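Spelled out, the chains give:
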Amino acid sequence: MDKKIKLMSHLVAGYPTDELAFTAAKALVDGGADILEVQLPFSDPSADGPVIQSACTKVLSRGYKTKDGLAFIEKLHKNFPDVKIYIMSYGSLIYTPGISEFCKKAASAGVTGMIIPDLPFDFDEGLTKACNENGMINIPVAAPSMSRERLLKMANAGFPYIYAALRTGITGTDTKIDTGTLEFLKSVSSGGSKIYGGFGISTGEQSKALCDYVEGVVAGSVFVRLITENQTDREKLYEAVKSKAQELTGQK
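This text gives an overview of the structure that appears in the document. Values in this document were obtained by computation on a predicted structure and should not be read as measured data.

Turning our attention to the pairing of strand β2 (residues 35–39). Working note: regular strand, side chains alternate between the two faces of the sheet. Counting buried residues in β2 gives five out of five residues, a clear majority hidden from the surface. Residues I35, E37 and Q39 of β2 are buried on one face, and the alternating residues L36 and V38, pointing to the opposite face, are buried as well. Pairing between strand β1 (residues 7–12) and β2: five bridges, direction parallel. Residue pairing for β2: S9 is matched across the bridge by L36. Both β2 and strand β3 (residues 84–88) contribute to a ladder of five bridges, which runs parallel.

See the structure below:
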């Protein structure tokens, strides 16, 4: 068996129901995921492709609130205490209740990291400070479209982890791992931060190509798509998600 690849797997809280979202989380953990990246549904998710946008819209149509998402995360933390949980969301959703207050609630639910792609790393409205005060980390997002100067500024800003979006655009379309990708990852990690690499990762081949250059591989739309396709059969959903997690972690 090849070495296990660390996987950060993405779920939309409450999608398609709280019960099926929990089944998917269990499948991810059983399939070897090291981190659950839980997205709080948002009405205008600018970095997300149609698969995740559609999932968010469906959950919000039920009147789903941030407090419901945090309750779901708390349940995950109680059931899988050894698995890291990161929140992925957008600035307005955490800014509205107050970033400090939001971080306090997130930490008490079991969250250890925050990924907020539309908050710039150097103008983050106090997110890094609030995370630190509550025992969490802020994980900024680096994109290939950033200038070299700005990329190196982020790389040397002292963040423990940086999320490297492997291409520009939205999630959910295929990503080629080429020499340009690997040079970008080297730049992002040049200041000593550990790197999570994602955007369009859906196969074991992509994971293997990335694994020597990142702390963990991130996969999202591929799982949300499997959840959508199998939402009428809980057992099939569990098996499909678990199998894909095993593939991405190099376990099959």
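Now that the structure has been shown, we can carry on.
So, on to the sheet that holds strand β6 (residues 141–142). As summarised here, the arrangement of the nine strands in space is β5-β4-β3-β2-β1-β9-β8-β7-β6, forming an open sheet in which the pairing is parallel. Edge strands, defined here as strands with exactly one partner in the open sheet, are β5 (137–138) and β6. When β3 meets strand β4 (residues 113–115), the two strands line up parallel, connected through three bridges. Bridge pairing in β4 links M88 to I115. Contacting β1 and β2, helix α1 (residues 18–30) crosses the sheet at an angle of about 175° to β1.

This brings us to the environment of G32. In this fold, G32 is placed in the loop between α1 and β2. Ignoring anything within four residues of it in the chain, the contact list for G32 reads K4 and T249.

With that settled, the discussion passes to the packing of α1 against helix α11 (residues 234–248). Following both chains from N to C, one finds α1 and α11 inclined at 35°, their axes separated by 8 Å at the closest point. Along this stretch, α1 crosses α11, giving a crossing that reads as right-handed. Where α1 approaches α11, its residues L20, T23, A24, K26, A27, L28 and D30 are matched on the opposing element by R234, L237, Y238, V241, K242 and A245. Its residues assigned to classes, the contact of α1 with α11 comprises eight nonpolar, one polar and four charged.

Our focus in this paragraph is helix α3 (residues 66–79). Over its 14 residues, α3 extends 20 Å from the first C-alpha to the last, a length consistent with the 20 Å expected when each residue adds 1.5 Å. If you check which residues of α3 are buried, you get G69, L70, F72, I73 and L76. Along the axis of α3, the buried residues cluster in a sector spanning 155°; they form a single face. Opposite the packed face of α3, turned more than 90 degrees from it, sit the exposed residues K67 and K78. Elements that come into contact with the buried residues of α3 comprise β1, α1, β2, β3 and α5 (99–109).

Parameters and conventions
Going along each chain's sequence as written, the residues are numbered from 1 onward. In keeping with the predicted nature of the model, local features appear solely for residues at pLDDT of at least 70, side-chain atom pairs appear and are counted solely at 80 or more, and the whole-chain, interface and lining totals rest on all residues. For side-chain calculations, the full set of non-hydrogen atoms in the structure is used, while hydrogens and water are omitted. To sort residues, take the accessible area from a 1.4 Å probe on protein chains only and compare it with the maximum for the residue type: under 20% means buried, over 50% means exposed, and anything in between is partly exposed. Only runs of H or I of at least four residues qualify as helices and only runs of E of at least two qualify as strands under DSSP, and these elements are numbered from the N terminus. Following DSSP output, two strands are said to pair if at least two bridges run between them. Between two residues, a contact is recorded if the distance between any of their heavy atoms is within 4.5 Å. Geometry is summarised by axes, namely lines fitted to C-alpha atoms with helices restricted to the contacting stretch, and by angles between N-to-C directions that run from 0 to 180 degrees. By convention the crossing between two helices is left-handed if the near helix lies anticlockwise of the far one by an angle smaller than a right angle, and right-handed if it lies clockwise. Residues are grouped as follows: Ala, Val, Leu, Ile, Met, Phe, Trp, Tyr, Cys and Pro are nonpolar; Asp, Glu, Lys and Arg are charged; all remaining types, including Gly, are polar. A helix is expected to span 1.5 Å multiplied by its residue count minus one. This arc is built from the directions going out from the helix axis to the C-beta atoms.

Keep in mind that these numbers describe shape and distance, not what the molecule does.
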